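# Notes for the structure review
Given next are the chains, with one letter for each unit.
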Amino acid sequence: MKWKKLGKLFDPTEHTLLENGAGFAQSPQTLVLADRVRVYFSTRERDSVGKYLSHIAYADFSRDMSRLLGVSTQPVLPLGGLGCFDEHGIFPINVLQDGDRVLAYTTGWNRKVSVSADASIGLAISHDAGQTFQRHGTGPVLTASLNEPFLVADAFVQRYGDVYHMWYIYGTKWQKFSETAPPDRVYKIAHATSADGIDWRRDGRQIISDRLNADECQALPTVIALDGVYHMYFCYRQAYGFRQDPSRGYRIGYAHSTDLEHWVRDDSLAGIDVSAEGWDAQMQCYPHLFQVDGKAYLLYNGNEFGRHGFGIAVLDR
């Protein structure tokens, strides 16, 4: 895989995304429509006490990804109610065209006391080409379980034949890596299948091997099929110190498979890395693969977890 960077595609500081907006355009994810490509992302506002809330917005681009056509002015889905799994934010959202409806798999998060947050995966459905979504129930479709005890999140769903496949992350532990720092999380990538996109079968098995160490954090898997092979991109980082030391922050990893279940990791084949300078020189995270009009593209965030927007690269085949 060899990617040609086309530069930053969207900068949230150039748009009014929320009335009390606090920037960020994190985890860009696409819905390819007949006349445009809609890119959903998570943006932030501050609540009455100054804490972040995450909302989903979108930007529309021409199908060749060269022109910005418009930006949503309202969140596409309100946050959950009091005590709900998505009370304090939705980050990220993954969308899938499924017949005449659009399925949206949301990562809803809520604040905790002993640790910073918990997360689960919810489902919302759109019948207006992804402009608005309605929840499929108040609770999540995938949440913590016996073998996946924390932070079930980052769903990426594709349908192959009659089977829905979901790649997602689950937390293995919270740990205090130093006496003065708050607890940090560790999470890994797993796989689930479904016959209807609602009820999921999973085994709580880590499917991507670790590169850094056993506490490596793996996030946001995304999968594309090219030339009879399934290619997965994801991001990974050290479990602690990543906010202070850029070398410990997110980088993009790569794995491939021929059966959607067993994956061989080889980050040297990713074909993309941080730049020498600029908006993605310290970090690359939250990748998303998609195809349109015979071309394959990769969206991703750069420094500071998407504070400065997202960029795009095209596959050089």
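It should be noted that the structure appears before, not after, this text.
First, a word on what this report is: a plain description of the structure on this page. Predicted model only: the values in this text are computed from it and were never measured.

Moving on to the overall build of the protein chain. Helix and strand content of the protein chain: one helix and 20 strands. Here the protein chain has a C-alpha radius of gyration of 18 Å; the compact-globule value for 317 residues is 20 Å, and the two agree. Based on the C-alpha atoms only, the size of the protein chain along its principal axes is roughly 50 × 45 × 45 Å. A sequence separation of at least 24 residues applies to 53% of the contacts in the protein chain between residues at least 6 apart. Here the protein chain displays about 13,700 Å² of accessible surface, and carbon together with sulfur accounts for 48% of that area. Side chains of the protein chain carry 32 positive and 37 negative charges; the gap between the two charge centres is 3 Å.

A separate point is the packing of aromatic side chains. Using the criterion set out here, one finds 19 aromatic pairs in the structure. For the ring pair F24 and Y52, a centre distance of 6.0 Å and an interplane angle of 80° mean the geometry is edge-to-face. Taken together, the positions of F24 in the loop between strand 1 (3-10) and strand 2 (26-32) and Y52 in strand 4 (residues 52-61) put the pair 28 residues apart, joining distant regions of the chain. Taking relative accessible area as the criterion, F24 reaches 3% and is therefore assigned buried. The exposure class assigned to Y52 is partly exposed, which follows from its relative accessible area of 23%. Both rings, one in Y40 and one in F133, keep their centres 6.0 Å apart while their planes meet at 70°; by these two values the pair is edge-to-face. One end of the pair, Y40, is in strand 3 (residues 37-46); the other, F133, is in the loop between strand 8 (117-126) and strand 9 (134-135), and 93 residues separate them in sequence. Judged by its relative accessible area of 0%, Y40 falls in the buried class.

Another point: the sheet that holds strand 14 (residues 217-226). Overall, antiparallel pairing links the four strands, which are arranged 14-15-16-17 in an open sheet. Only two strands of the sheet have a single partner each, and these edge strands are strand 14 and strand 17 (264-265). Looking at chain direction, strand 15 (residues 229-237) and strand 16 (residues 251-257) are connected through seven bridges and run antiparallel. Following the sheet pairing, Y233 is matched in strand 16 by Y254.

All right, on to the environment of H127 then. Structurally, H127 can be placed in the loop between strand 8 and strand 9. Residues H127 and R101, 26 residues apart in the sequence, show an inter-C-alpha distance of 5.1 Å. Not counting chain neighbours up to four residues away, the residues in contact with H127 comprise R101 and Q134.

Before going further, it helps to spend a moment on the pattern of salt bridges. It is possible for side chains of opposite charge to pair when their charged atoms get near one another. Here the structure, examined in full by the defined rule, presents 20 salt bridges. Measuring nitrogen to oxygen at the nearest pair gives 2.8 Å for the salt bridge that ties D210 to K188. Placement of the pair is D210 in the loop between strand 13 (201-202) and strand 14 and K188 in strand 12 (residues 184-194), with a sequence separation of 22 residues. For D210, a relative accessible area of 32% puts it in the partly exposed group. When its relative accessible area of 3% is taken as the criterion, K188 is described as buried. One salt bridge connects E216 with R265, and the closest N-O pair in it is separated by 2.7 Å. Taken together, the residues E216 in the loop between strand 13 and strand 14 and R265 in strand 17 connect sequence positions 49 residues apart. Just as E216 is buried, R265 falls in that class too.

This brings us to the nonpolar core. Core analysis: the biggest nonpolar cluster contains 35 residues, and W167, I208, M232, Y250, W263 and Y286 have the highest contact counts within it. Elements supplying a minimum of two residues to this core: strand 8, strand 10 (150-160), strand 11 (163-175), strand 12, strand 14, strand 15 and strand 18 (285-292). In contact with Y250, other than residues within four places in its own chain, are Y187, C217, A219, C235, Y236, R237, M283, Q284, C285, Y286 and F305.

We now examine empty space enclosed by the protein. Taken as a whole and assessed by the stated rule, the structure comprises one cavity of 30 Å³ or more. Looking at the largest cavity, its volume works out to about 40 Å³. Looking at the lining of the largest cavity, its residues break down into three nonpolar, four polar and two charged.

About the criteria used
- Residues numbered from 1 in each chain as written.
- Predicted model: local features only at pLDDT ≥ 70, side-chain atom pairs only at ≥ 80, totals over all residues.
- Heavy atoms only, no water.
- Helix = DSSP H or I, 4+ residues; strand = E, 2+ residues; numbered from the N terminus.
- Rg over C-alpha atoms; globule rule 2.2 N^0.38 Å.
- Contact = heavy atoms within 4.5 Å.
- Areas by Shrake-Rupley, 256 points an atom, 1.4 Å probe, with all protein chains shown as cover.
- Lys, Arg positive; Asp, Glu negative; His and termini not counted.
- Charge placed at Lys NZ, Arg CZ, Asp CG, Glu CD.
- Phe/Tyr/Trp six-rings, centres within 6.5 Å; stacked < 30°, edge-to-face > 60°.
- Buried < 20%, exposed > 50% of the residue type's maximum accessible area, 1.4 Å probe, protein only.
- Pairing = 2+ DSSP bridges.
- Salt bridge = Lys/Arg side-chain N within 4 Å of Asp/Glu carboxyl O.
- Core = buried A, V, L, I, M, F, W, Y, C linked by side-chain atoms within 4.5 Å.
- 1 Å grid on protein atoms, 1.4 Å probe; cavity = no way out; pocket = protein on both sides within 12 Å on 5 of 7 lines; lining within 4 Å.
- Points joined across faces, edges and corners; volume = space filled by probe spheres on them.
- Nonpolar A, V, L, I, M, F, W, Y, C, P; charged D, E, K, R; others polar.

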